[in-house]
Amino acid sequence: MNRNYFFLTALMLLLAIGTMFLSKSEQQKQIEPDKLLWEIIQPTRYVSTDEVAKLIIQNDPSIELIDVRTPKEFAEFSLPNAINIPLDSIVTTSSLEYFGIPGMNVIFFSNDAIQADQGWVMTKRLGFDATYVMKGGLNRWIETIIQPTEPKETAPQTEFDIYQFRKGAQIYFTGAKVETTTNAKKNKVVIKRRKKTVTASGGC
Amino acid sequence: MGPLIPNGFITGDWDFVIAILLGIAFGFILEASGFSSSRNLAGVFYGYNFVVLRVFFTAMIVAMVGLLYFDYFGWLDLSKIFILPTFVWPMIVGGVIMGLGFIVGGFCPGTSFTAIAIGKLDGLVFTIGLYIGIFIFTESFPLFSDFYTSGDMGNPTLMDVTGISAPWIAFAFTFIALAVFWITMLIEKRVRKTTTAYKF
């Protein structure tokens, strides 16, 4: 009997046993690069701060606000009902449970949109749908919702409508007092009295 | 990286070029393994020559284990490869017919062509019969077209059906194949004592 057969048999057995130690678990399944690029350039992946404010005020049960900043920053200030998942712990099994829930729309936010974008890309690469980024992040949130600036007098009506909404949202989120919107001076109501007509008295 | 065509490395137009190259390689290996001889091929059914079993089992386990390594190294994405759809009943019947034809004719379709390539008459006759069979099948196809697509299971793999992970299946097949190699070698030795030598 050929001695080579022994070597070949042993080699094949070794290789077959070796396959059991090939762990694939380290590599997460990813979507195709071209699909990711296509998703990245879609403007629909952003939601504006106004839309987020509206959803929060309406108590929309389908939104899931994810704060990707550090727990310290999260403790200082965040959006109501937001969940804190720091960027470095997004791809952990306990965090991944928050994504891919049917019917839920995940909205990422951070101070600016950069960290939130990174979180968005991570979850998108893992194949989760219905994830969004709050455009401009919390900085924009402060500018628009917490401290809205009044548009110029010449601005179109729509801007005034947005401003009105933002003022309302400001009241909702900060508890600011209602300001009277008209600054015009109160006109003193002048009561004009008719002069008593002098009736002819006496005579005859 | 792979599979090359689905990942867009090369276009689908290369199908035929690859098919020709693979076909040449396949034919060469068949001929080199002695598969152009019907005596060699039929020997597996009579116990005096198990070369068919050895060659195909070797090809299978090498491919099986090799693909698992390829997948691990990222050279080939196993989730993207084509898996032949399974039609249970027609496949069983087809397998029985194929096996019968193999014993009676001494060739399977591929090996009959290698036999022609080296100028064997029996291979030529077998191939003529093959085409007559294809013609009869094609003409009578409407009679059993329902049966042809019955028992459709989609594209399941052994992992899907049994729930066992790929490395274990690969190991089991490798172990069985290697055991069979040694057992058939012993059978051959015993049977060949009683048979006279034959020409390839």
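See the structure printed just above.
Overview of the structure. (Residues numbered from 1 in each chain as written. Chains lettered and ligands numbered in written order. Predicted model: local features only at pLDDT ≥ 70, side-chain atom pairs only at ≥ 80, totals over all residues. Heavy atoms only, no water.)

With that settled, the discussion passes to the overall build of chain B. Scanning chain B from terminus to terminus reveals nine helices and zero strands. Start at the N end of chain B and walk to the C end: the helices and strands fall as α-α-α-α-α-α-α-α-α. Of all 200 residues assigned to chain B, the portion counted as buried reaches 28%. Within chain B, residue pairs in contact and separated by at least 24 positions form 63% of the contacts whose partners lie at least 6 positions apart. Of the roughly 12,800 Å² of accessible surface on chain B, a fraction of 76% belongs to carbon and sulfur atoms. (Helix = DSSP H or I, 4+ residues; strand = E, 2+ residues; numbered from the N terminus. Buried < 20%, exposed > 50% of the residue type's maximum accessible area, 1.4 Å probe, protein only. Contact = heavy atoms within 4.5 Å. Areas by Shrake-Rupley, 256 points an atom, 1.4 Å probe, with all protein chains shown as cover.)

Once that is clear, we can look at the sheet that holds strand β4 (residues 105-109) of chain A. Hydrogen bonds between backbone atoms are what pair the strands of a sheet, whose relative direction is either parallel or antiparallel. Residues and elements named next belong to chain A. Pairing is parallel in the open sheet, where five strands are placed in the order β1-β5-β4-β2-β3. In this open sheet, the two strands that pair with only one neighbour each are β1 (46-47) and β3 (83-84). Sheet topology places strand β2 (residues 63-67) next to β3; two bridges connect them, and they run parallel. Residue pairing in the sheet places Asp-67 in a bridge with Asn-84 of β3. Set on the sheet, helix α3 (residues 49-57) makes contact with β1, β2, β4 and β5 (131-134); between it and β2 the angle comes to about 120°. (Pairing = 2+ DSSP bridges. Axes fitted to C-alpha atoms, helices over the stretch in contact; angles between N-to-C directions.)

Below, the discussion takes up the side chain of Arg-69 of chain A. Residue and element names in this part refer to chain A. Examined against the element boundaries, Arg-69 turns out to sit in the loop between β2 and α4 (71-76). Taking the relative accessible area as the measure of exposure, Arg-69 reaches 4% and is therefore buried. There is a polar contact of 3.5 Å between the side chain of Arg-69 and the backbone oxygen of Glu-73. Other than its neighbours up to four places away in sequence, Arg-69 contacts Phe-74, Phe-77, Ser-78, Asn-84, Pro-86, Ser-110, Asn-111, Gln-115 and Leu-138. (Polar contact = N/O pair within 3.5 Å; in protein donor to acceptor, adjacent residues only side chain to side chain.)

Here we come to the packing of helix α1 (residues 3-18) of chain A against helix α3 (residues 51-73) of chain B. Put simply, α1 of chain A and α3 of chain B touch, their axes get as near as 10 Å, and they point 40° apart. Classed by the angle they form, the pair α1 of chain A and α3 of chain B counts as oblique. By crossing handedness, the relation of α1 of chain A to α3 of chain B is classed as left-handed. Contact residues: Met-12, Leu-15, Ala-16 and Gly-18 of chain A in α1 of chain A; Ile-61, Val-62, Val-65 and Tyr-69 of chain B in α3 of chain B. Considering only residue class, the contact of α1 of chain A with α3 of chain B consists of seven nonpolar, one polar and no charged. (Parallel < 35°, antiparallel > 145°, perpendicular 65-115°, else oblique. Left-handed = near helix turned anticlockwise from the far one by under 90°. Nonpolar A, V, L, I, M, F, W, Y, C, P; charged D, E, K, R; others polar.)

Moving on to the interface of chain A and chain B. Buried accessible area, meaning the area lost when the parts come together, often serves as the stated size of an interface. With 17 residues of chain A in contact, the opposing surface of chain B contributes 18 residues. With both sides pooled, the region where chain A packs onto chain B buries about 1,700 Å², and carbon together with sulfur makes up 79% of that total. Scanning the region where chain A abuts chain B turns up one salt bridge. The salt bridge partner of Lys-80 of chain B is Glu-32 of chain A, with a shortest N-O separation of 3.6 Å. Linking chain A with chain B are three residue pairs in polar contact (both at pLDDT 80 or more), by the criterion used here. By residue class, the composition of the side of chain A that touches chain B is 10 nonpolar, four polar and three charged. (Buried area = accessible area lost by both parts, 1.4 Å probe. Salt bridge = Lys/Arg side-chain N within 4 Å of Asp/Glu carboxyl O.)

The way to describe two aromatic rings as a pair is by their centre distance and the angle between their planes. By the definition in use, this model includes 20 aromatic pairs over all chains. Here a set of aromatic residues connected by ring pairs shows up, and it is made of Tyr-69, Phe-70, Tyr-72, Phe-73 and Trp-75 of chain B. Across the ring face of Phe-165 of chain A, the terminal group of Lys-54 of chain A is positioned such that the distance to the ring centre comes to 5.3 Å. (Phe/Tyr/Trp six-rings, centres within 6.5 Å; stacked < 30°, edge-to-face > 60°. Lys NZ or Arg CZ within 6 Å of the ring centre and 35° of its normal.)

To continue, consider the pairing of β2 of chain A. Residues and elements named next belong to chain A. With respect to burial, β2 is a largely interior element, five of its five residues being buried. Neither face of β2 is exposed, since Ile-63, Leu-65 and Asp-67 on one face and Glu-64 and Ile-66 on the opposite face are all buried. Sheet topology note: the β2/β4 ladder contains five bridges and is parallel. Counted as the bridge partner of Ile-63 is Asn-105 from β4.

Before going further, it helps to spend a moment on the packing of helix α5 (residues 109-117) of chain B against helix α6 (residues 121-139) of chain B. Residue and element names in this part refer to chain B. The N-to-C vectors of α5 and α6 enclose an angle of 135°; their axes lie 8 Å apart at closest approach. Relative to α6, the element α5 lies oblique. Here α5 and α6 pass one another in a crossing that is left-handed. Residues Pro-109, Ser-112, Phe-113, Ala-115 and Ile-116 of α5 touch α6, and the partners they reach there are Gly-123, Leu-124, Phe-126, Thr-127, Leu-130 and Tyr-131. In terms of residue class, the contact of α5 with α6 is built from eight nonpolar, three polar and no charged.

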